[in-house]
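# Structure assessment
One-letter residues, chain by chain:
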Amino acid sequence: MPQLHFLILSFPAQGHINPAIQFAKRLVRTGSHVTFVTSVSAHRRMTNTVTLDGLTYTSFSDGYDDGFKPGDNLLHYMAEIKRHGSQALMDISVAATNEHRPVTFIVYNFLLPWVADLARDLQVPSSLLWIQPASVLNIYYYYFNGYGDFVDKNISNPSFSMELPGLPLLTSKDLPSFFLPTNPQPHTLSLFKELIVTLEKETKARVLVNSFEALEGEALRAIDKFNMVAIGPLIPSAFLDGKDPSDTSFGGDMSFFSSRDYYMEWLNQKPDASVVYVSFGTTSRLSKKQVREIAGGLLESRRPFLWVLRPAPEENDKEEGDVVENMEELKQEGMVIPWCSQVEVLCHRSIGCFVTHCGWNSTLEGLVAGVPMVTFPQWSDQATNAKLIRDVWQTGLRLEVNEAQLVEGDELKRSIEIVMEGGRGEQMRGNAKRWKDLAREAVMDGGSSDKNLNAFVDDVRLLDSPVCGVERILDSASAKT
Ligand code: UDP
């Protein structure tokens, strides 16, 4: 049987690359070959890439080789990544055909919807790898299919709420930030519209979702027009199914920022479930005032904490100490570092709670680790994820902001106490343990995500030979010469 060749194209952001790499590793384990493609800037950050037989990395210049920076024009960037990425995809496909290893299937993540059209031109089948919850895809889908006017007209009304198939009752606080009148990136919604329109061009488009049946069963079936297939959680094997104990990191991380031994050693000395882990992901930036409140709340809570805190990119020359005034005092009670291998930290026995911005990867990592969460969503899908954590999966609570939109130190301290002590905290910890077990079941041999992944690969095997479009390009190229 010829070996399948998947080409995975990932948007160059950490939260997009991590699940895409994990998906690549899963495909390699089915005996397939995977070419993983992202931009030069992201590829340079991937200092810790996994080497696996069957996994090849390739990068292309998106015109922003030093990375996209705050202040850069997003629309220009999206046009450039499309222009350069399309050419790269064609070149890679042609080269693969020439090398007698034609690309059999293309997988792309969500800010790259043009890949589907290009794949169609190349006559290579493709699927979206959706790296947020199925629930959030439903919200976008229904917004662009009948609910848009209702949302736009009513969202500023304090009593606004909305019921959608497969989802809990949502208020404006629970919706992706791009719907809110305060959204500073008005054109972002058009990217989601483009994605939905692209998917609707196909009959029953298959969408691979980084989620699992037990977690989002109803949401996964809430759009008749799509075939959402849960293949997650996409987390390194060592922390999930244990099929590959050496698979302990995403391989696309920024571990050069801090030494792993340093913080893991520190965690080793702490009692079970005693440490508060605090991280707001790779893209959110908190105001100085907010950072100060968090520092105060952590000190007041009188528990050991591990806080991932980096200066904003425009302040990169600053030391951590410049980010908060009382760094010395903080370091006596806890540890403040610019980066850690988060999934490893969350799964350490000493972690008692996760103060999180609720990026979908962080949310899944918290669920897999079985750790209760104190949520502080910042933007994009994070508010919806926080809603699911608090009200549906019941493994955490959401921090409340004051009139100045700040979470006060006292609020953080109070919330940490709730999740780490008895009563409600005990219930949340019990629920967290249940989700941890269900996540593992999903990816074990014969589990729902394992079966879905194998069925997907079997389906790809049955597809007609996909080389025709690429051969057409090769023919027209040779006709020109
Ligand atoms: N991450 C990490 N160490 C850090 C911060 C983040 O390993 O210090 C990883 C985290 O485990 C997750 C990803 O970076 O896999 C962040 O993705 P997420 O969707 O949670 O948030 P985003 O950064 O996209 O807002």
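Residues numbered from 1 in each chain as written. Predicted model: local features only at pLDDT ≥ 70, side-chain atom pairs only at ≥ 80, totals over all residues. Heavy atoms only, no water.

Let's shift gears to the site of the ligand. Around the ligand, a shell composed of 18 residues is seen, among which Thr282, Cys340, Asn361, Ser362 and Glu365 lie nearest. A distance of 2.4 Å separates an oxygen atom of the ligand from a polar side-chain atom of Thr282. At 2.5 Å, a backbone N or O of Cys340 approaches a nitrogen atom of the ligand. Computed on the free molecule, the ligand has an accessible area of 540 Å², of which 94% lies beneath the protein chains in the complex. Secondary structure elements with two or more residues in the shell around the ligand: helix H1 (14–29) and helix H13 (360–369). With four residues, H13 is the single largest residue contributor to the shell around the ligand. Classifying every residue of the shell around the ligand gives five nonpolar, twelve polar and one charged. (Near = heavy atom within 4 Å. Polar contact = N/O pair within 3.5 Å; in protein donor to acceptor, adjacent residues only side chain to side chain. Areas by Shrake-Rupley, 256 points an atom, 1.4 Å probe, with all protein chains shown as cover. Helix = DSSP H or I, 4+ residues; strand = E, 2+ residues; numbered from the N terminus. Nonpolar A, V, L, I, M, F, W, Y, C, P; charged D, E, K, R; others polar.)

To continue, consider the sheet that holds strand E10 (residues 275–279). Sheet strands pair via backbone hydrogen bonds, and the direction of the pair is either parallel or antiparallel. What the six strands build is an open sheet, ordered E12-E11-E10-E13-E14-E15; its pairing is parallel. Taken across any chain shown, the strands that pair with only one partner, and hence form the sheet edges, are strand E12 (335–337) and strand E15 (396–398). Ignoring which end each strand starts from, the neighbouring axes of this sheet average 15° apart. Sheet topology note: the E10/strand E13 (residues 351–356) ladder contains five bridges and is parallel. Within the sheet, the bridge partner assigned to Val275 lies in E13 and is Ile351. Packing against the sheet, helix H14 (residues 382–392) makes contact with strand E14 (373–375) and E15, and its axis sits at approximately 135° to E15. (Pairing = 2+ DSSP bridges. Axes fitted to C-alpha atoms, helices over the stretch in contact; angles between N-to-C directions. Contact = heavy atoms within 4.5 Å.)

A few words on the sheet that holds strand E3 (residues 55–60). Strand order in the open sheet formed by seven strands is E3-E2-E1-E4-E5-E8-E9, and the pairing between neighbours is parallel. This sheet does not close on itself; its edge strands, each paired only once, are E3 and strand E9 (226–230). This sheet shows a mean twist of 25° between the axes of neighbouring strands, independent of strand direction. With six bridges connecting them, strand E2 (residues 33–39) and E3 associate as parallel partners. Bridge pairing in E3 links Ser39 to Phe60.

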